[in-house]
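Close look at the chain arrangement
The primary structure of each chain is shown beneath.
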Amino acid sequence: MKKITLILFGLLLNTLIFSQSHQIEGEWFNEEKDAIITIEKGSDNSYFGKITWMKFPNDENGNPKKDPLNDDENLRSRSRLGMKIMYDFVYDGEDEWDDGEIYDPKSGNTYSGTINMISKNRLNLRGYVGISWFGRTSHWTRKL
């Protein structure tokens, strides 16, 4: 009986360690390493991300960078720092988050997106229009 209890405890501990090692929440450097996006879980159990650090937060005039390429004129004056750029990603149970949207302030475009955890410190964010075959994957690393 003692062996069975130890085995069950070991399996439970292993499961907890593995699931914690693949948590998406936290601070992530984008592929260019010029921004950190903090990914959080929302109250509706979906995940979102916002820009919390920028290597170059100001424009050539020393003013905070804005969102001038946004289709919505009312949003063009908002600051990039603190901007939510990832929305509604839902965990599918296989180290993948689907059904999200990604806003790219550098282009003003919004894309459908998926996230795949490669390891506890690396993820692939794929943005696409239509079907995912016609998209681009960005490799992000966790801020340690």
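All figures in this text were calculated on a predicted structure; none of them were measured in a lab. (Residues numbered from 1 in each chain as written. Predicted model: local features only at pLDDT ≥ 70, side-chain atom pairs only at ≥ 80, totals over all residues. Heavy atoms only, no water.)

Some remarks on the layout of surface pockets
In this structure, the largest pocket spans a volume of roughly 600 Å³. If you list the elements that add at least two residues to the lining of the largest pocket, you get strand 2 (35–41), strand 3 (47–54), strand 5 (96–104), strand 7 (122–128) and strand 8 (135–142). (1 Å grid on protein atoms, 1.4 Å probe; cavity = no way out; pocket = protein on both sides within 12 Å on 5 of 7 lines; lining within 4 Å. Points joined across faces, edges and corners; volume = space filled by probe spheres on them. Helix = DSSP H or I, 4+ residues; strand = E, 2+ residues; numbered from the N terminus.)

Concerning a nonpolar patch on the surface
A surface patch of nonpolar side chains, amounting to about 450 Å² of accessible area, comprises Ile131, Trp133 and Phe134. Here Trp133 is to be found in the loop between strand 7 and strand 8. Residue Trp133 is classed as exposed on the basis of its relative accessible area of 74%. (Patch = residues over 30% accessible without salt bridge, like charges linked within 9 Å, V, L, I, M, F, W, Y side chains within 5 Å. Areas by Shrake-Rupley, 256 points an atom, 1.4 Å probe, with all protein chains shown as cover. Salt bridge = Lys/Arg side-chain N within 4 Å of Asp/Glu carboxyl O. Buried < 20%, exposed > 50% of the residue type's maximum accessible area, 1.4 Å probe, protein only.)

A short note on the side chain of Arg142
Within the secondary structure layout, Arg142 lies in strand 8. There is no salt bridge for the buried Arg142, and the closest opposite charge comes from Glu27, which lies 8.5 Å off by N-O distance. Separated by 3.0 Å, the side chain of Arg142 and the backbone oxygen of Glu25 make a polar contact. (Lys, Arg positive; Asp, Glu negative; His and termini not counted. Polar contact = N/O pair within 3.5 Å; in protein donor to acceptor, adjacent residues only side chain to side chain.)

Quick look at the environment of Pro64
Among the secondary structure elements, Pro64 is positioned in the loop between strand 3 and strand 4 (84–91). Taking the relative accessible area as the measure of exposure, Pro64 reaches 41% and is therefore partly exposed. Taking the C-alpha atoms as reference points, Pro64 and Arg80, separated by 16 residues in sequence, lie 7.7 Å from one another.

Notes on the pattern of salt bridges
Counted under the stated rule, the structure contains 5 salt bridges. The residue Lys143 makes a salt bridge to Glu27 at a minimum N-O spacing of 3.6 Å. Of the two residues, Lys143 is situated in the segment after strand 8 and Glu27 in strand 1 (residues 26–29); the sequence distance between them amounts to 116 residues. A salt bridge links Asp67 to Arg78; its shortest N-O distance comes to 3.1 Å.

What about unusual backbone geometry?
In this structure, Asn45 takes a positive phi of about 70° despite not being glycine. Mapped onto the elements of the fold, Asn45 is located in the loop between strand 2 and strand 3.

Some thoughts on the confidence of the model for the protein
On average, residues of the protein score 88 in pLDDT, and 85% of them reach the 70 mark or higher. The model gives residues 5–21 a pLDDT under 50, and that stretch makes 2 contacts with residues more than four places away or in other chains. (pLDDT = per-residue confidence, 0-100. Contact = heavy atoms within 4.5 Å.)

Some words on the pairing of strand 8
Of the pairings in the sheet, the one linking strand 1 to strand 8 comprises 2 bridges and is antiparallel in character. The residue of strand 8 that forms the bridge with Trp28 is Arg142. In this sheet, strand 8 lies alongside strand 7 in antiparallel orientation, the contact comprising 7 bridges. Within strand 8, the position partnered with Arg122 by the bridge is Thr141. Where strand 7 folds back onto strand 8 in an antiparallel hairpin, the turn is made up of 6 residues, including Gly130, whose phi is positive at roughly 85°. (Pairing = 2+ DSSP bridges.)

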